[in-house]
Structures are given as structure tokens and as C-alpha cells.
Amino acid sequence: MPSRHASTLPFLTTLLLIVMLPLWVGGCAQRQDTLYQQLGGEPGVAAIVEDFTLRLADDPDIVGFFANSNIDRFVASLEEQLCAISDGPCVYTGPPMDRAHQHMGLTDAHFNAVVAHMQQALIDQGVPSGPRNQLLGRLAQLHGEIMSLQ
Ligand code: HEM
């Protein structure tokens, strides 16, 4: 006659697998999230860009730069760019950053103000600090190109 203990071990092993497997799979899935997914995908990026654009419009030191701009095109281009640089399923098709900003007379103060508005938009849209700082880091890398034709 088999002992009671002989059937307990397989039972416990199965139970452990049932409990641990979803946690393990969930953990892996989380690690594989792209930055784009962590920003909330398409609706998340659209909300971030809208929040950011309203902040630019409210900033008297910045809004004047957009006096002759097509804001719908700016919004569409920025959404595409943020999607592309956050490893989302987009290709940026707008003008290169040096030409898009050439001869505007931009200073580092302007650049920093715009990045600060993006930071605040990300905070307000509930983007956690990890993905927030990752995106800001990638935007900071555009500084050289944006400032190169001033
Ligand atoms: C990380 C910083 C920045 C990023 C990622 C960025 C991104 C962009 C993008 C994607 C466009 C759209 C290009 C197009 O489709 O025509 C654009 C245009 C523009 N940006 Fe920036 N930009 C940055 C910094 C700045 C700063 C510092 C200013 C001024 C204070 C500025 C002012 C403008 C203006 C006025 C346009 C519209 C140009 C036009 O109407 O053709 N940008 N920017």
C-alpha cells in the first residue's frame, strides 16, 4: 500500500507550478514591454502630445515660435516621432530635426523649457518615472541636431 507521503510530493509540485507559472510568464511579458507600450501605446502618446502642446501654447516664451506653424501637422509629426523613438511600430516621416528647427534662434534655455514641458506632460499623464526618464533621455539626445542650424 503506497504511503500518504508518496502522493503529497507530486501534488505539491503541481500546485507550485500552477501558482508560479502565471507569475513567471507575467514577469517576462512585463520585461518585454517596449517603451512605447509603457507610454500607453497610441492613445497614451496622443494624450501626452496633446498635454505637451497645450503647455507650449500657454508658455509666453515658446508660443511665438509656432505663430506661423500648422499645429495639426506638428501634432501628427510629434506623435509619429515619439512612437518611433520609443520603439513603437512607426517610422518618422517628417523633416530631420536640424531642418525642422533651422534659423529659429533657439537657445539652450528654449530647449530646456520645451523638455521641461514634456516632463510635466508625462507626469500629468501618469507615466511612471522609469519610462518617463527613458523618453526624456532619448529626447535629450536630439539636442545636438536641433541646435545645429541656429
Ligand atoms: C526635444 C526637443 C524637441 C523635439 C523632439 C521637437 C520635435 C519637433 C517635431 C517632430 C516637429 C515637426 C516637424 C514637422 O513636421 O514639420 C517640430 C517642429 C517645430 N518645433 Fe520642435 N522639437 C523640439 C524642440 C523645439 C524647441 C526647443 C522649439 C522652440 C522653442 C521648437 C519649435 C518648433 C516649431 C516652431 C516647429 C514647427 C516648425 C514648422 O512650422 O515648420 N521645437 N519639432
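Here the structure is a predicted model, which means the values were calculated and not measured. (Residues numbered from 1 in each chain as written. Predicted model: local features only at pLDDT ≥ 70, side-chain atom pairs only at ≥ 80, totals over all residues.)

The next subject is the UniProt feature "binding site: heme" (unreviewed entry) in the protein chain. When the UniProt feature table is mapped onto this chain, "binding site: heme" (unreviewed entry) is found at His101. Under the C-beta neighbour-count criterion, histidine 101 is labelled buried, with 21 such atoms within 10 Å. Contact partners of histidine 101, with chain neighbours within four places excluded, come to Leu106 and Ile146. (UniProt positions renumbered as here; feature names shortened; annotations may be inferred. Buried ≥ 20, exposed ≤ 12 C-beta atoms within 10 Å, placed from the backbone. Contact = placed C-beta atoms within 7 Å.)

Let us look at the site of the ligand. As a structural note, the neighbourhood of the ligand is formed by 21 residues, with Ser69, Ser77, Gly94, His110 and Val114 the closest of them. Taken together, the elements giving at least two residues each to the shell around the ligand come down to helix 4 (71–85) and helix 6 (108–124). Here the shell around the ligand takes 5 residues from helix 4, the largest share from any one element. Residues that form the shell around the ligand fall into these classes: 14 nonpolar, 6 polar and 1 charged. (Near = placed C-beta within 6 Å. Helix = DSSP H or I, 4+ residues; strand = E, 2+ residues; numbered from the N terminus. Nonpolar A, V, L, I, M, F, W, Y, C, P; charged D, E, K, R; others polar.)

So, on to helix 6. Across its 17 residues, helix 6 extends 24 Å between first and last C-alpha, which sits within 8% of the 24 Å expected from 1.5 Å per residue. Every buried residue of helix 6 is listed here: Val114, Met118, Ala121 and Leu122. Mapping the buried residues of helix 6 onto a view down its axis gives an arc of 100°, with all of them on the same face. For helix 6, exposure combined with an orientation more than 90 degrees from the buried face picks out Asp108, Ala109 and Asn112. (Expected span 1.5 Å × (residues − 1). Arc of directions from axis to C-beta.)

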